[in-house]
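Spelled out, the chains give:
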Amino acid sequence: MNLKLKIWRQANAKTTGKFDIYNIDNISPDISFLEMLDILNNDLIHSGKEPIAFDHDCREGICGMCSLHINGHAHGPDSEITTCQLHMRKFNDGETITIEPWRSTAFPVIKDLVVDRTSYDKILQAGGFVSVNTGGVPDANAIPISKPDSDESMDAAACIGCGACAATCKNGSAMLFVAARVSSLAKLPQGKVEGARRAKAMVAKMDELGFGNCSNTGACEAECPKLISIGHIARLNREFLSAKLQD
Amino acid sequence: MAKIDSKTPQGPLAEQWSQHKATIKVVSPANKRKLDVIVIGTGLGGASAAAALGELGYNVNIFCISDSPRRAHSIAAQGGINAAKNYQNDNDSVYRLFYDTIKGGDYRARESNVYRLAEVSNLIIDQCVAQGVPFAREYGGLLDNRSFGGSQVSRTFYARGQTGQQLLLGAYAALNRQISKGTVTSLPRHEILDIVIVDGKARGVLARDLVTGEIKRFGAHAVVMATGGYGNVFFLSTNAMNSNGSVAWQAYKKGAMLANPCFTQIHPTCIPVHGTQQSKLTLMSESLRNDGRIWVPKKMEDVELIRAKKKKASDVVEEDRDYYLERRYPAFGNLVPRDVASRAAKERCDAGFGVNETGLAVFLDFKTAINRLGQDTIKGRYGNLFQMYEKITDVNPYEEPMMIYPAVHYTMGGSWVDYNLMTSVPGLYSIGEANFSDHGANRLGASALMQGLADGYFVLPYTIGDYLAKEIQSKKVDTTSKEFDEAEKTVKDKIAHLFTIKGNLSVDDLHKKLGNIMWECVGMARTKESLERALVEIKALRKEFWKNVKVMGKNDEFNQEIEKALRLADFLELGELMARDALNREESCGGHFRTEFQTPEGEALRDDDKFTYVAIWEFNGVDAEPTLHKEALKFETIKLAQRNYKD
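Bear in mind that the values here come from a model prediction, so they are computed numbers and not experimental data.

Draft legend 1. Molecular detail of unusual backbone geometry. One non-glycine residue, Asp106(B), adopts positive backbone phi at about 55°. Position of Asp106(B) among the secondary structure elements: in the loop between α4 (94-104) and α5 (111-131).

In structure tokens:
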């Protein structure tokens, strides 16, 4: 395959960026999208040019490190996967591919396609945990949990914190990310104990960090590589409201 | 050089840990507040250790090379975590988990450490459930288990195919709680480039801020390495792209000796290599061997038709299939340990029965299980793995069997540690995959997660107190000392030098070359000849690196090329030590297979008289031969035997 790549280049957070055009030839349809970028980078190095910075790590779709807006879609045109699992067979020979970083005020660009997502860490630090110390906990089978509840908790816990939801949302809202954590813990008796406190603290932190409001367009769910349902946002809203009513 | 002392407690094995805990020192809450600890790495080991130490009241700085602690490669572990709960009433026990682990490791691990691991395994499950980890459950609401290789009981707890992710999110949540309380400070996108030793003790680190390139100094009363394994020395492995061995290697150069560096785990069920442009390999969880059957065709004509895509695997009739693991190992069948399964796949492929165009693949088939249980059940168990397989290969594994081949996955070797998990440098600890201690020459499936969390939650927080109790009079570490100055100068000079070389080969070009040498000469089958060749070739490649590498950009910016160059510089030294260790060990054991030493059936042949020891290497200079020290392994509870998975 021969391709034309339109890639966002930006030296650092303080500079403005721009698109550069690169041509790349003889790409096997069986390689991954990031392997295609590896090849481009190796070519750039050999011709004395700066390689393109992009985040990636596990390349198995689980660590959440890779990002990229590809042809206007978070994680590219395929569904249910992250960028690292996208393969070139999803593109056509001769196609122009546009590659951009996440676009969200809460995720400033560090360089080229790399963004700063520490705001997600900060939201979880505000309350995305069960307050138990190590040791002195009951036997694992002491609290039976119904399989449907446990399964639903796991559905929400599949979130990889990649940032696609906030980067896709026209309001730049992190609601799906927050909801996934709140909902996962709310479905379990261990997490219920401090459910109200958690929902309030995480939503407040999200607002403080400059993420926008949710207007229920469902764009986040559509682009989520792990198919986290916006049903979890409804549960977050219930948790949040009942917390407010208790105040 | 200090004498090697494992500090293994005396007395009966089952009482050693309790005895030890009763005799080691503790630090009072008021003094804990005055003590600083550095934790390097945020995987299961690092995150759990930092959280537990923070809860105890120490001041902790935790570093990771990614943008968030949650990215650590523990997250990619799929299948599960072992514990001796015996919830299935199948006669499991602490002793049986201990025994399986020692046997699985081919009798090259320390009994006392492994027994302690089995003993604390149950606490881990309790802890994770309390944190809200959504382990799989039965309809009655209690926890479910599955089986893993090298064991005849079902002791593996799991969260779909994402157990590592869920356990890491649990540890990361505990860590976040401490960060919010201010006991732990998180430093993401920071890479540790050196350990600073003052008066013979670990007193701090030098970190490179990966966003700005700034070299920063951090002091502490103890330093914990939780940096994972060094499988990426092979270039292609199942490890994450950023996983590296550099912290352990820099520590080695400062006196923290490395143990059994040649012990590498080659995992049998990975998606085969597709071409020269491949960047990494993808694991298909061992849990698939619960329901998947491994086979190649019996007839060469079927092999040829399948390779030519003229026949589908599903069209090969039952009697023409060679389920070679079930044939060779009737008692364990498809659930033999990883090293055994990998070698058996290699044996069939070497004999010409490999089923893809490269001849390096075997089938993992779910037809029998789908017929027995239905597609929905199989989907419920492994849905995400099947989806991942299809996205990568474009083949639907519900209809056609998966193709798999062994790949580098885990390193059992690592920093030598004593029973307290302290390296040969006082005040410097190593936990999880980064140390050598628990898995001998082969790790059993679902035991890496167990060890990471055992070390981090339940071992290190106790043992580090014994050391820190002697540090309560120490002042805050002065990072303006000459030791920090010298270390910083060395690091800065090295970085500056790499940019001045301006050669013709990229870091990746050179890394691929190293990977080739390692896979061909220090891979699944090793010989005296191949290892001697590796020593020569790695040295030559190292010279080429320092003469001909091309590192773009500059230091004072976000620069992934300098990150990779620094890691490769260390791999080019570490690879040589791995070859040297493999050459020294004139026996086959676990994942270390020397072709010269095998039984008539092709199984690993140990030499217990000569090699029942941990090989511990002491650094003497980059181009000087290291000194070999030996820690004799004493088997007082378990009798040494040839491993048998046949009956």
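Having put the structure on the table, let's press on.
Draft legend 2. Structural detail: the domain arrangement of chain A. Residue and element names in this part refer to chain A. Domain parsing of chain A yields domain 1 (3-111) and domain 2 (118-246). Taking only C-alpha atoms into account, the centre of domain 1 sits 29 Å from that of domain 2. Taken together, the contact pairs 19 residues of domain 1 with 17 residues of domain 2. Roughly 1,300 Å² of surface becomes buried between domain 1 and domain 2 when both sides are summed, with 56% attributable to carbon and sulfur atoms. By the criterion of area lost to domain 2, the three top residues of domain 1 are Glu80, Ala106 and Phe107, representing 34% of everything that side buries. At the junction of domain 1 with domain 2, the criterion picks out zero salt bridges. At the boundary of domain 1 and domain 2, one finds five residue pairs in polar contact (both at pLDDT 80 or more).

Draft legend 3. Region of interest: the sheet that holds strand β7 (residues 201-209) of chain B. Residues and elements named next belong to chain B. The antiparallel open sheet is built from three strands, whose spatial order is β6-β7-β8. Only two strands of the sheet have a single neighbouring strand rather than two, namely β6 (190-198) and β8 (215-219). Strand-to-strand twist of the sheet, defined as the mean angle between neighbouring strand axes without regard to direction, takes the value 25°. Pairing geometry for β7 and β8, over five bridges, is antiparallel. Along β8, the bridge assignment pairs Ala207 with Lys216.

Draft legend 4. How the structure looks around the pattern of salt bridges. All names here are of chain B. Scanning all chains against the criterion turns up 79 salt bridges over all chains. As a salt-bridge pair, Arg343 and Asp339 come within 3.7 Å of each other at their nearest N and O atoms. Within this pair, Arg343 and its partner Asp339 are both found in helix α10 (residues 338-350), separated by four residues, close to a single helical turn. Each member of the pair, Arg343 as well as Asp339, is classed as buried. Two residues, Lys564 and Asp508, come together in a salt bridge whose shortest N-O distance is 3.3 Å. Of the two residues, Lys564 is situated in helix α17 (residues 560-584) and Asp508 in helix α15 (residues 507-522); the sequence distance between them amounts to 56 residues. Three or more residues joined by partner-sharing salt bridges are found here, namely Asp106, Arg108, Asp339, Arg343, Arg585, Glu587, Arg606, Asp608 and Arg643.

Draft legend 5. The packing of aromatic side chains, seen in detail. All names here are of chain B. Tallied over the full model, the rule gives 28 aromatic pairs over all chains. An angle of 20° between the planes, with centres 6.5 Å apart, marks the rings of Tyr95 and Tyr99 as stacked. Of this pair, Tyr95 and Tyr99 both sit in helix α4, separated by four residues, roughly a single helical turn. A residue is classified by how much of its surface remains accessible, and Tyr95, at 37% relative accessible area, is partly exposed.

Draft legend 6. Representation of the interface of chain B and chain A in the model. Every contact between the two is made by 79 residues of chain B and, on the other side, 76 residues of chain A. In this assembly, chain B packs against chain A so that about 6,500 Å² is buried in total across both faces, 50% of it on carbon and sulfur atoms. Along the contact surface separating chain B from chain A lie eight salt bridges. Between Asp67(B) and Arg117(A) there is a salt bridge, with the nearest N and O atoms lying 2.9 Å from each other. Where chain B packs against chain A, one counts 47 residue pairs in polar contact (both at pLDDT 80 or more). Contributions of two or more residues to the side of chain B that touches chain A are made by α3 (44-56), α5, α6 (163-181), α12 (375-393), α13 (448-468), α15 and α17 of chain B. Take the side of chain B that touches chain A: its biggest share by element is 10 residues, from α6(B).

Draft legend 7. Main features of the side chain of Arg328(B). Residue and element names in this part refer to chain B. Relative to the elements of secondary structure, Arg328 occurs in helix α9 (residues 324-328). The buried category is assigned to Arg328, whose relative accessible area is 18%. Once residues lying within four places of it in the same chain are set aside, the contact partners of Arg328 are Ala344, Glu347, Glu601, Glu603 and Lys646.

Rules and cut-offs
- Residues numbered from 1 in each chain as written.
- Chains lettered and ligands numbered in written order.
- Predicted model: local features only at pLDDT ≥ 70, side-chain atom pairs only at ≥ 80, totals over all residues.
- Heavy atoms only, no water.
- Helix = DSSP H or I, 4+ residues; strand = E, 2+ residues; numbered from the N terminus.
- Domains from an automatic or database assignment.
- Contact = heavy atoms within 4.5 Å.
- Buried area = accessible area lost by both parts, 1.4 Å probe.
- Salt bridge = Lys/Arg side-chain N within 4 Å of Asp/Glu carboxyl O.
- Polar contact = N/O pair within 3.5 Å; in protein donor to acceptor, adjacent residues only side chain to side chain.
- Pairing = 2+ DSSP bridges.
- Axes fitted to C-alpha atoms, helices over the stretch in contact; angles between N-to-C directions.
- Buried < 20%, exposed > 50% of the residue type's maximum accessible area, 1.4 Å probe, protein only.
- Phe/Tyr/Trp six-rings, centres within 6.5 Å; stacked < 30°, edge-to-face > 60°.

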